[in-house]
Amino acid sequence: MAIRKVCGLETEYGIQLRGGGESNPIAASSVLINAYVALMQRKIGWDFEDESPGRDARGFVAEGAMPPDIETHLVNTVLTNGARYYVDHAHPEISTPECADAREVVLWDRAAERILQRSMQAARSALPPGAEIVVHKNNSDGKGNSYGCHENYLLAREVPFGRIVTHITPHFVTRQVFCGAGKVGCEAPGVSASDVPFQLSQRADFFEEEVGLETTLKRPIVNTRDEPHCDSQKYRRLHVIVGDANLAEVSTFLKVGTTALVLAMIEDDAVPSDLALANPVGAIKEVSWDRTLRRPILLKDGRRLTALELQWQLLELARKYERERGLEAVGEDVGVEVLRRWEDVLSGLEADRSSVAPQVDWVAKEQVLEAYMERHGIDWTDPRVRMLDLQYHDMRPERSLFARVGTERMFDDADVDRAITEPPDTTRAYFRGKCLQKWPDDIVAANWDSLVFDVGADPLRRVPMMEPLRGTAAHVARLIEECQTAAELLERLGS
């Protein structure tokens, strides 16, 4: 039986300093995050003890592989909602707390956006008059550089990694029909903007391998990083780098919800191998470049299916899985909503894609840009169109084009505001966040699977959190409420 698909997002944001001299993205990211940390009045540092990005799920490191460096010298803090906020290479990044299902991911992803907005406001006091830091939630600078929105899913260690690769790849290649964020032009070598004036995905141009460890060079469709951040004997974490950073809430919900469900099906060996693609690296680009959604891609068995047809087949398999196995692995109610919305969006894309603009980023963006071009008598090559593409992702509410298009909301502002400071009740993030709220002066560092306390006695006390579904409100809320001090908490935990 498939295990619960604990999941989360890690989003790198584009950043630029305007009006303040030369823009250094690392320095700007540090100013941005430190400004927000100052609002918190207490910074809890990240514990790098268990970081191992070079470990490969295949059991070896391929020759020439270049796992990302661990940048311990840059700003890196933990928030009271259980999230991580830090400088990653040349970008500010927020990793959501661990979530129990796709609906929770949407909520804490929205909270991350709001944190970035508050950070931009707070940073103005640290900048010269007239200067501001501007953040975009996108995946490409338009100059051949891409940054990611990574997903994470909990899987049973016993599932063969080769089976995961075989069955998840067709989904990764074709799901962009409903979770692509849209992009003007093309950044693939040898392909001009006139060949691909607009495409479904921001990221598809940048993938060069089917499987691999890298995240910034020779990007693979399936990433092999084996860094579970929990009990490595029982679990693995599938680190997914193939997705776009979505603004439309339903796009995020479907991106995470359908992937979690397909992974549960893979764990239970409920996905046949006849959907394997002949050339996934070529296919991911072909799907992104085809706004008609009618171009077939070649399967290994010689058949040709469109991305929509392949998604319909996956949906049919998911319906069968629901009948035979249930949806406990993704949350019963959430799983039912995933299936309903999955069917609705595929039907809309097939019949009249404009009907899904409230749910799908690339369709919403396409509509706005085409209306603008028609009003001004211009085409996709006009620089103003590319500027509007960027403005869609602008995180400043008064400048955001996305904020004006009227996409469907799954959560109201009160829900989002609460998630800025409060962790999910349903995972170990609850223990992390609540301890940070109640005893910030007694915690010296934190990471995904432990907290390090200093209660005035030597040595420091590390509390392990190796089970993602332990430390929930149901497990520890009463304990935390009853303990007056961190020392009392540690004593009762037996640390």
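Just so we're clear, the structure is a prediction, and the values are computed from it rather than from any experiment.

### Describing the overall build of the protein
Per the secondary structure count, the protein includes 14 helices and 18 strands. In terms of overall dimensions, the protein is globule-like: its C-alpha atoms have a radius of gyration of 22 Å, near the 23 Å expected for 495 residues. Overall size of the protein, expressed as C-alpha extent along the three principal axes, is 70 × 60 × 45 Å. Going through the 495 residues of the protein one by one, you find that 60% of them count as buried. Considering only residue pairs separated by 6 or more positions, the protein has 72% of its internal contacts joining residues 24 or more positions apart. Accessible area for the protein stands at about 19,600 Å²; split by element, carbon and sulfur atoms hold 48% of it. Positive and negative side-chain charges of the protein, numbering 59 and 79 respectively, have mean locations separated by a distance of 1 Å.

### Concerning the side chain of Asp 226
Considering the arrangement of structural elements, one finds Asp 226 in the loop between β12 (219–223) and β13 (235–240). Reaching out from Asp 226, the side chain makes a polar contact with the side chain of Arg 157 at a distance of 3.0 Å. Setting aside residues up to four positions removed in sequence, Asp 226 forms contacts with Arg 55, Asp 56, Ala 57, Arg 157 and Arg 236.

### Side note on the environment of Arg 295
Looking at where Arg 295 falls in the secondary structure, it is placed in the loop between α6 (280–289) and β14 (297–298). When its relative accessible area of 39% is taken as the criterion, Arg 295 is described as partly exposed. C-alpha separation for the pair Arg 295 and Leu 305, spaced 10 residues apart in sequence, amounts to 8.1 Å. Discounting residues that sit within four places of it in the chain, Arg 295 has contacts with Glu 286, Trp 289, Asp 290, Leu 305 and Thr 306.

### Structural notes on the nonpolar core
In terms of nonpolar packing, the biggest core is built from 127 residues, with Val 177, Phe 178, Trp 342 and Leu 349 touching the most fellow members. Ignoring any residue separated from it by four or fewer positions in sequence, one finds Leu 349 in contact with Val 177, Phe 178, Leu 293, Leu 308, Val 356, Trp 362 and Val 363. One finds Ile 44, Ala 446, Cys 483 and Leu 490 within the second-largest nonpolar core, a separate group that totals 22 residues.

### Section: the pairing of strand β6 (residues 91–95)
On a regular strand, one side chain projects to one face of the sheet and the next to the other, so that they alternate. Buried residues dominate β6, accounting for five of its five residues. Burial along β6 is two-sided: His 91, Glu 93 and Ser 95 facing one way and Pro 92 and Ile 94 facing the other are all buried. Relative to β6, strand β1 (residues 7–12) is paired through three bridges, and the arrangement is antiparallel. Across the sheet, residue Thr 11 finds its bridge partner in β6, namely Ile 94.

### As for the packing of helix α3 (residues 161–174) against helix α5 (residues 249–267)
As a packed pair, α3 and α5 sit with axes 10 Å apart at the nearest point and diverge in direction by 150°. By the criterion of interaxial angle, the relationship of α3 to α5 is roughly antiparallel. Crossing hand, α3 versus α5: right-handed. Mapping the contact onto sequence places Arg 163, Ile 164, His 167, Ile 168, His 171 and Phe 172 in α3 and Thr 258, Thr 259, Val 262, Leu 263, Ile 266 and Glu 267 in α5.

### Topic: α5
When the terminal C-alpha atoms of α5 are compared, their 27 Å separation across 19 residues agrees well with the 27 Å that a helix rising 1.5 Å per residue should span. In terms of burial, α5 is a largely internal element, 19 of the 19 residues being buried. At the C-terminal side of α5, Asp 269 shows a positive phi close to 55°.

### Examining the pattern of salt bridges
In a structure, side chains of opposite charge can pair up when their charged atoms sit close to one another. Throughout the structure, instances matching the rule amount to 44 salt bridges. For Arg 340, the salt bridge goes to Glu 337, with nearest N and O atoms at 4.0 Å. In this pair, Arg 340 and Glu 337 both sit in helix α8 (residues 332–351), three residues apart, roughly one turn of the helix. The exposure class assigned to Arg 340 is partly exposed, which follows from its relative accessible area of 42%. Under the relative-accessibility criterion, Glu 337 is labelled buried at 13%. A salt bridge links Arg 396 to Asp 394, with the nearest nitrogen and oxygen atoms 2.6 Å apart. This pair shows no difference in class: Arg 396 is buried, exactly as Asp 394 is. Among the charged side chains, a network of salt bridges with common partners joins Asp 109, Arg 110, Glu 113, Arg 114, Arg 118, Lys 137, Glu 249, Arg 409, Asp 413 and Asp 417.

### Here we look at the packing of aromatic side chains
The geometry of an aromatic ring pair is captured by two quantities: the separation of the ring centres and the angle between the planes. Tallied over the entire structure, the rule returns four aromatic pairs. An angle of 25° between the planes, with centres 5.1 Å apart, marks the rings of Phe 198 and Trp 380 as stacked. Of this pair, Phe 198 sits in strand β10 (residues 198–199) while Trp 380 sits in the loop between α9 (361–376) and α10 (383–392), placing them 182 residues apart in sequence. The class for Phe 198 is buried, based on a relative accessible area of 1%. Take Trp 380: its relative accessible area is 14%, and that puts it in the buried class.

### Quick notes on the state of the cysteines
Working definition: the covalent bond between the sulfur atoms of two cysteines is a disulfide. In the structure shown here, the tally under the stated rule is zero disulfides. Unpaired in terms of disulfides, Cys 99 finds its nearest cysteine sulfur in Cys 7, a separation of 6.1 Å. By relative accessible area, which is 0% here, Cys 99 ends up buried.

### With respect to the environment of Ala 2
Within the fold, Ala 2 resides in the segment before β1. With 241 residues separating them along the chain, Ala 2 and Gly 243 place their C-alpha atoms 23 Å apart.

### Some remarks on the environment of Val 191
Structurally, Val 191 can be placed in the loop between β9 (183–184) and β10. Each C-alpha atom, one on Val 191 and one on Ala 477, is 56 Å from the other, the two residues being 286 residues apart in sequence. Other than its neighbours up to four places away in sequence, Val 191 contacts Cys 186, Val 196 and Trp 289.

Conventions and cut-offs
Residues numbered from 1 in each chain as written. Predicted model: local features only at pLDDT ≥ 70, side-chain atom pairs only at ≥ 80, totals over all residues. Heavy atoms only, no water. Helix = DSSP H or I, 4+ residues; strand = E, 2+ residues; numbered from the N terminus. Rg over C-alpha atoms; globule rule 2.2 N^0.38 Å. Buried < 20%, exposed > 50% of the residue type's maximum accessible area, 1.4 Å probe, protein only. Contact = heavy atoms within 4.5 Å. Areas by Shrake-Rupley, 256 points an atom, 1.4 Å probe, with all protein chains shown as cover. Lys, Arg positive; Asp, Glu negative; His and termini not counted. Charge placed at Lys NZ, Arg CZ, Asp CG, Glu CD. Polar contact = N/O pair within 3.5 Å; in protein donor to acceptor, adjacent residues only side chain to side chain. Core = buried A, V, L, I, M, F, W, Y, C linked by side-chain atoms within 4.5 Å. Pairing = 2+ DSSP bridges. Axes fitted to C-alpha atoms, helices over the stretch in contact; angles between N-to-C directions. Parallel < 35°, antiparallel > 145°, perpendicular 65-115°, else oblique. Left-handed = near helix turned anticlockwise from the far one by under 90°. Expected span 1.5 Å × (residues − 1). Salt bridge = Lys/Arg side-chain N within 4 Å of Asp/Glu carboxyl O. Phe/Tyr/Trp six-rings, centres within 6.5 Å; stacked < 30°, edge-to-face > 60°. Disulfide = S-S within 2.5 Å.

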